[in-house]
Amino acid sequence: MSDLGSDPGVGIAKVLGSMAGAGVSLIYLVPKSRREAASRFLTGVSFGLIFGGPTGLWLETRLGIGGELSGAEVMLAGAATASLSAWWVLGVLARVADRYGRRMGG
């Protein structure tokens, strides 16, 4: 497993990965307004910054590439993946909440 704390570029990689993932998510599904674009971008960056480390370590384990990548590379991949998937995860949660909210009489 990578040591995400000893590499000096890990923090920069986390920010860059978060921004890259958020940007790509805007390209995949073009927002309807500037407000939606800003909201989605900030949500993606936030998810990347918060969940980038755990996601990177999960990817490293699942792909079986432990020791092959530096900590910064693991963080970059994890932050980009978390950021890219943030909007879809929130969409699924909103649909589930809407479905169960109607069942409960809400």
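Residues numbered from 1 in each chain as written. Predicted model: local features only at pLDDT ≥ 70, side-chain atom pairs only at ≥ 80, totals over all residues. Heavy atoms only, no water.

Next up on the list: the environment of glycine 56. Mapping glycine 56 onto the fold places it in helix α2 (residues 34–63). Judged by its relative accessible area of 3%, glycine 56 falls in the buried class. In the structure, glycine 56 is positioned 25 residues away from threonine 81 in sequence and 8.0 Å away in space, judged by C-alpha atoms. Not counting the four nearest positions on each side in its chain, glycine 56 is found in contact with Val74 and Gly78. (Helix = DSSP H or I, 4+ residues; strand = E, 2+ residues; numbered from the N terminus. Buried < 20%, exposed > 50% of the residue type's maximum accessible area, 1.4 Å probe, protein only. Contact = heavy atoms within 4.5 Å.)

Of the residues in the protein, 91% have a pLDDT of 70 or more, and the chain-wide mean is 88. When pLDDT is averaged over each element of the protein, α2 comes out on top at 94 and helix α3 (residues 71–103) at the bottom at 87. (pLDDT = per-residue confidence, 0-100.)

Before going further, it helps to spend a moment on the pattern of salt bridges. Within the structure shown, the criterion is met by one salt bridge. Arginine 40 is paired through a salt bridge with glutamate 36; the nearest N and O atoms lie 3.5 Å apart. Taken together, the residues arginine 40 and glutamate 36, both in helix α2 and four residues apart, mark about one turn of the helix. Taking relative accessible area as the criterion, arginine 40 reaches 3% and is therefore assigned buried. Classification of glutamate 36 as partly exposed rests on a relative accessible area of 25%. (Salt bridge = Lys/Arg side-chain N within 4 Å of Asp/Glu carboxyl O.)

Taking 1.5 Å as the rise per residue, α3 with 33 residues should run 48 Å; its terminal C-alpha atoms sit 46 Å apart, in good agreement. Of all the bends in α3, the greatest, near 40°, is centred on alanine 86. When we look at burial in α3, the residues that qualify are Gly71, Ala72, Val74, Met75, Gly78, Ala79, Ala82, Ser83 and Ala86. Against α1 (10–28) and α2 lie the buried residues of α3. (Expected span 1.5 Å × (residues − 1). Bend = angle between axes of the 7 residues up to and from the residue.)

Now for the packing of α2 against α3. Two elements in contact, α2 and α3, have axes separated by 5 Å at closest approach and are oriented at 130°. Classified by the angle between their axes, α2 and α3 sit oblique to one another. For the pair α2 and α3, the sense of crossing is right-handed. (Axes fitted to C-alpha atoms, helices over the stretch in contact; angles between N-to-C directions. Parallel < 35°, antiparallel > 145°, perpendicular 65-115°, else oblique. Left-handed = near helix turned anticlockwise from the far one by under 90°.)

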